[in-house]
Protein chains: 2
Amino acid sequence: LGREDKLIKLIKSLTGEELIGDDCAVLPSGMLVSSDMLVQGKHFLLPQMNLNDLGWKALAVNLSDIAAMGAQSEFAVVNIAFPTSMSDDEFEHLYKGIIDCAKTYNCRIVGGDLTGSDALVISITVFASSPQKPMLRSAAKAGYKVIVSGDFGASAMGLQLILQGQLADATASHVMMKHLRPKPRLLEAKELHTACMGEGALMDASDGLADALLQIAEQSGVAIQVEASKIPVHKETVSAAELSGKIALRQALYGGEDYELVACIPSDALKVCEESGFTCIGNVLEGSGVRVLYPDGSEEVLSRERIFQHWI
Amino acid sequence: LGREDKLIKLIKSLTGEELIGDDCAVLPSGMLVSSDMLVQGKHFLLPQMNLNDLGWKALAVNLSDIAAMGAQSEFAVVNIAFPTSMSDDEFEHLYKGIIDCAKTYNCRIVGGDLTGSDALVISITVFASSPQKPMLRSAAKAGYKVIVSGDFGASAMGLQLILQGQLADATASHVMMKHLRPKPRLLEAKELHTACMGEGALMDASDGLADALLQIAEQSGVAIQVEASKIPVHKETVSAAELSGKIALRQALYGGEDYELVACIPSDALKVCEESGFTCIGNVLEGSGVRVLYPDGSEEVLSRERIFQHWI
């Protein structure tokens, strides 16, 4: 277990709280609540990242947690700690990015706190009404299909290019856009939730596809088998990986920050989900563990050891 | 206007959002939401402050915003960014302080985010059901009485003693306790709200008594007149101020972080509120501005210039 997991276990035992949930807490009233912090130097670099993109991303990663429950975004509270050296224009540029994202996804910003600090920290809390049957990570069953939205590994390659010195420009390429202005999959989540009538497991792959598959398998008590050749990887991710001497599939499995949906759904809902843009990558089986099958017939057992971690 | 006020105006104009409110946002469902961040070096000093006290205070200041609406605390989401040098024991010490406060005030911790950072940042969001008639800052009327809970200036003197090198020990004195482990006035707020049946203006004096009086006067379009001799100041605040060469009444007006309630209520509710421990310090009049009357007959007009600010 990583340190974050260890401390979350500590918190759960100290609080004795059962409402601490998956991507979101579910309050007794049916309200979903989720909260994420972005810290300069840990989650983003300045000045490499454009403040407008950063604002967008800070809200988008929170809305992705709402999508991961099959819900729709409604309200957000935005706390910002920022250096007093940041000018009013820079602050406005940052805040307009948050508002761009909020307007795009019908989320209302209802409050927040501003304070000074040495490093920029953005802490956002989002609220939504829970669907009647929220889709938890623990709801996968043998016989279900494993499906994903979008493509994987692009965000990690976008970050790689920025770290190599390329200008962080969301309009420059697919991989840059995926890293700098990720799109929370709220619409896709809604279509998925409708197609499955709430049956099945769902989460967003903020820490990578491998992490998402492992979490669903562990929490549902099932095995998951996926085919490497079916994992969607964008052609720009492949060429950026080649240029950097990386293997695109490794980035797809372990790269993190793709904010795509990963779901295990009853097979009779598959066709509708595929029409909504989801890709089927494998099957849920009896047993435990996550295996990736390669075209040459070899097999890889995924392990927690390599999981993407932002923060240590 | 301070920079915070200026940026809040900018945010309100950028979002066009009407739900951004007083101490809390009021969601259409009737849910109250409030959020505050505490940043190391801005709101607290380490190692001078005990981590357990800090955890208590981080939640208490948020619950004070709930009290300021006349509501009761229900749920909290706790985000913590902390240096990886912090040990698991230190983290537990901090978190136990948050839980102490949560249990004392019947607040359930339902989620949160943990991340790394250079400085410790605690960002908490609290939720509560709005009373049928929440008490806003804009609801004071001429003829109302001005009342306050507890006493003022103590927290500022506690901080002063710590800055002078005294051990930060919440059990050492009233002024230390008020600075290190402030008590959100949830019970008093409930009694006040019942006594007034929601009529009147209410807020918490997180930025000092002067700030609270000025905000209520401005937002209600009234004048407020208070008697200096009636402002409650604890005897330890008086002696600590004398020892530091400060004037206790200045600390009471401008010191900040007392987290006491300041209200303007119909006079027929005064007696019940006094029985609940509130002190009447003055009257609401037609006009504008806030005046303090001194025993020698002189008068001081309060100004925004001197208001306590954490963060600039």
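As the structure is a prediction and not an experimental result, all values here were calculated from the model. (Residues numbered from 1 in each chain as written. Chains lettered and ligands numbered in written order. Predicted model: local features only at pLDDT ≥ 70, side-chain atom pairs only at ≥ 80, totals over all residues. Heavy atoms only, no water.)

## Side note on the overall build of chain A
Then step 1. Across its full length, chain A carries 10 helices and 12 strands.
Then step 2. In summary, chain A has a C-alpha radius of gyration of 19 Å against a globular reference of 20 Å for 312 residues, a match within 12%.
Then step 3. For chain A, the C-alpha atoms occupy an extent of roughly 55 × 50 × 40 Å along the three principal directions.
Then step 4. Residue burial in chain A is summarised as follows: out of 312 residues, 60% are buried.
Then step 5. Long-range pairs, those at least 24 residues apart, make up 82% of the contacts in chain A between residues at least 6 apart in sequence.
Then step 6. Roughly 12000 Å² of accessible area belongs to chain A as shown, and the carbon and sulfur atoms make up 50% of that amount. (Helix = DSSP H or I, 4+ residues; strand = E, 2+ residues; numbered from the N terminus. Rg over C-alpha atoms; globule rule 2.2 N^0.38 Å. Buried < 20%, exposed > 50% of the residue type's maximum accessible area, 1.4 Å probe, protein only. Contact = heavy atoms within 4.5 Å. Areas by Shrake-Rupley, 256 points an atom, 1.4 Å probe, with all protein chains shown as cover.)

## Some details on the interface of chain A and chain B
Then step 1. Facing 56 residues of chain A, the contacting portion of chain B comprises 56 residues.
Then step 2. Broken down residue by residue, the surface that chain A buries against chain B is led by A:Arg3, A:Leu14 and A:Met37, which jointly contribute 12%.
Then step 3. In this structure, the salt-bridge partner of A:Arg3 is B:Asp88, at a minimum N-O distance of 2.9 Å.
Then step 4. Inspection of the region where chain A meets chain B yields 18 residue pairs in polar contact (both at pLDDT 80 or more).
Then step 5. Put simply, the parts of the chain that give the side of chain A that touches chain B at least two residues each are α1 (3-15), β2 (31-39), β3 (75-82), α3 (88-104), β4 (108-116) and β5 (121-129) of chain A.
Then step 6. Across the side of chain A that touches chain B, the residue classes break down as 29 nonpolar, 15 polar and 12 charged. (Buried area = accessible area lost by both parts, 1.4 Å probe. Salt bridge = Lys/Arg side-chain N within 4 Å of Asp/Glu carboxyl O. Polar contact = N/O pair within 3.5 Å; in protein donor to acceptor, adjacent residues only side chain to side chain. Nonpolar A, V, L, I, M, F, W, Y, C, P; charged D, E, K, R; others polar.)

## Side note on the side chain of A:Gln251
Then step 1. Relative to the assigned elements, A:Gln251 resides in helix α9 (residues 248-254).
Then step 2. Contacts of A:Gln251, omitting those with residues within four sequence positions, involve A:Gly153, A:Ala156, A:Met157, A:Lys246 and A:Gly256.

## A short note on the state of the cysteines
Then step 1. Applying the stated criterion to the full structure yields zero disulfides over all chains.
Then step 2. Free of any disulfide, A:Cys107 has its nearest cysteine sulfur in A:Cys101, 7.8 Å distant.
Then step 3. Residue B:Cys196 stays outside any disulfide, its sulfur separated by 4.5 Å from that of B:Cys273, the closest cysteine. (Disulfide = S-S within 2.5 Å.)

## Side note on the packing of helix α2 (residues 51-67) of chain A against α3(A)
Residue and element names in this part refer to chain A.
Then step 1. Running from N to C, α2 and α3 point in directions that differ by 40 degrees, and their axes come no closer than 7 Å. Relative to α3, the element α2 lies oblique. Relative to α3, the crossing made by α2 is right-handed. For the pair α2 and α3, contact is made by Leu-51, Asn-52, Leu-54, Gly-55, Trp-56, Leu-59, Ala-60 and Leu-63 and by Glu-90, His-93, Leu-94, Lys-96, Gly-97, Ile-98, Asp-100, Cys-101, Ala-102 and Thr-104, respectively. (Axes fitted to C-alpha atoms, helices over the stretch in contact; angles between N-to-C directions. Parallel < 35°, antiparallel > 145°, perpendicular 65-115°, else oblique. Left-handed = near helix turned anticlockwise from the far one by under 90°.)

## Side note on the sheet that holds strand β7 (residues 201-204) of chain A
Backbone-to-backbone hydrogen bonds join strands into a sheet, with any given pair of strands oriented parallel or antiparallel.
All names here are of chain A.
Then step 1. Read from one edge of the open sheet, seven strands run β7-β9-β6-β10-β8-β11-β12, paired in mixed fashion. One side of each edge strand has no neighbouring strand; the edge strands of this open sheet are β7 and β12 (299-301). Shown here is a sheet whose adjacent strand axes are inclined to one another by a mean of 25 degrees, direction ignored.
Then step 2. Bridge analysis of strand β11 (residues 289-293) against β12 gives three bridges, and the strand direction is antiparallel. Residue pairing across strands places Val-292 opposite Glu-300, the latter belonging to β12.
Then step 3. The strands that helix α6 (residues 186-196) touches are β6 (145-148), β7 and β9 (261-265); relative to β9, the one it contacts most, it runs at about 5 degrees. (Pairing = 2+ DSSP bridges.)

## Thoughts on a nonpolar patch on the surface
Residues and elements named next belong to chain B.
Then step 1. On the surface, Leu-45, Leu-159 and Leu-163 cluster together into a nonpolar patch covering about 230 Å² of accessible area.
Then step 2. With respect to the helices, strands and loops of the structure, Leu-45 is situated in the loop between β2 (31-39) and α2 (51-67).
Then step 3. According to the relative accessible area criterion, Leu-45 is partly exposed, its value standing at 33%. (Patch = residues over 30% accessible without salt bridge, like charges linked within 9 Å, V, L, I, M, F, W, Y side chains within 5 Å.)

## Examining the pairing of strand β10 (residues 279-285) of chain A
Residues and elements named next belong to chain A.
Then step 1. As judged from the four bridges shared by β6 and β10, these two strands associate in the antiparallel manner. Within β10, the position partnered with Val-148 by the bridge is Thr-279.
Then step 2. Judged from the four bridges that link them, strand β8 (residues 223-227) and β10 form a sheet pairing that is antiparallel. Among the inter-strand pairings, Val-226 is bridged to a residue of β10, identified as Gly-282.

## Some words on the sheet that holds β2(B)
Residues and elements named next belong to chain B.
Then step 1. Taken in spatial order, the five strands make up an open sheet running β1-β2-β5-β3-β4, and their pairing is mixed. For this open sheet the edge positions go to β1 (25-26) and β4 (108-116), each flanked by a neighbour on one side alone.
Then step 2. Direction of pairing for strand β3 (residues 75-82) relative to β4: parallel, over a ladder of eight bridges. In the strand pairing of β4, Phe-75 is matched with Arg-108.

## Quick notes on the side chain of B:Arg185
Residues and elements named next belong to chain B.
Then step 1. Position of Arg-185 among the secondary structure elements: in the loop between α5 (174-180) and α6 (186-196).
Then step 2. Judged by relative accessible area, which is 17%, Arg-185 ranks as buried.
Then step 3. Here the side chain of Arg-185 touches Glu-260 through a polar contact of 2.8 Å, side chain to side chain.

## A short note on the environment of B:Pro83
Residue and element names in this part refer to chain B.
Then step 1. Assignment of secondary structure puts Pro-83 in the loop between β3 and α3 (88-104).
Then step 2. A residue is classified by how much of its surface remains accessible, and Pro-83, at 15% relative accessible area, is buried.
Then step 3. Counting along the chain gives 38 residues from Pro-83 to Val-121, while the straight-line C-alpha distance between them is 9.4 Å.
Then step 4. Residue contacts for Pro-83: discarding those within four places in its chain leaves Ser-117, Asp-118, Ala-119 and Leu-120.

## A closer look at the pattern of salt bridges
Residues and elements named next belong to chain B.
Then step 1. In the structure shown here, the tally under the stated rule is 28 salt bridges over all chains.
Then step 2. A salt bridge links Glu-199 to Lys-133; the nearest nitrogen and oxygen atoms lie 3.8 Å apart. Taken together, the positions of Glu-199 in the loop between α6 and β7 (201-204) and Lys-133 in the loop between β5 (121-129) and β6 (145-148) put the pair 66 residues apart, joining distant regions of the chain.
Then step 3. Relative accessible area serves as the criterion here: at 32%, Glu-199 is assigned to the partly exposed category.
Then step 4. Residue classification places Lys-133 among the partly exposed residues on the basis of a relative accessible area of 39%.
Then step 5. In this structure, Arg-250 and Glu-300 form a salt bridge, with 2.7 Å as the shortest nitrogen-oxygen distance. Of the two residues, Arg-250 sits in helix α9 (residues 248-254) while Glu-300 sits in strand β12 (residues 299-301), which places them 50 residues apart along the sequence.

## Observations regarding the relation of the copies chain A and chain B
Then step 1. Mapping chain A onto chain B leaves a residual RMSD of 0.0 Å; the transformation is a rotation of 180 degrees accompanied by 0.0 Å of translation along its axis. Within this description, the copies of the chain are treated as partners about a two-fold rotation axis.
Then step 2. By residue overlap, the copies meet face to face through one surface: 100% of the interface positions of chain A are interface positions in chain B. (Least-squares fit on C-alpha atoms with pLDDT ≥ 70 in both.)

## Digging into the environment of B:Asp169
Residue and element names in this part refer to chain B.
Then step 1. When you line up the elements, Asp-169 lands in the loop between α4 (154-163) and α5.
Then step 2. Residue class for Asp-169 comes out partly exposed when judged on its relative accessible area of 29%.
Then step 3. Taking C-alpha positions, Asp-169 is 9.8 Å from Arg-181, a pair spaced 12 residues apart along the chain.
Then step 4. Setting aside chain neighbours within four positions, we find Asp-169 in contact with Met-176 and Leu-180.
Then step 5. A distance of 2.7 Å separates a polar atom in the side chain of Asp-169 from a polar atom in the side chain of Thr-171.

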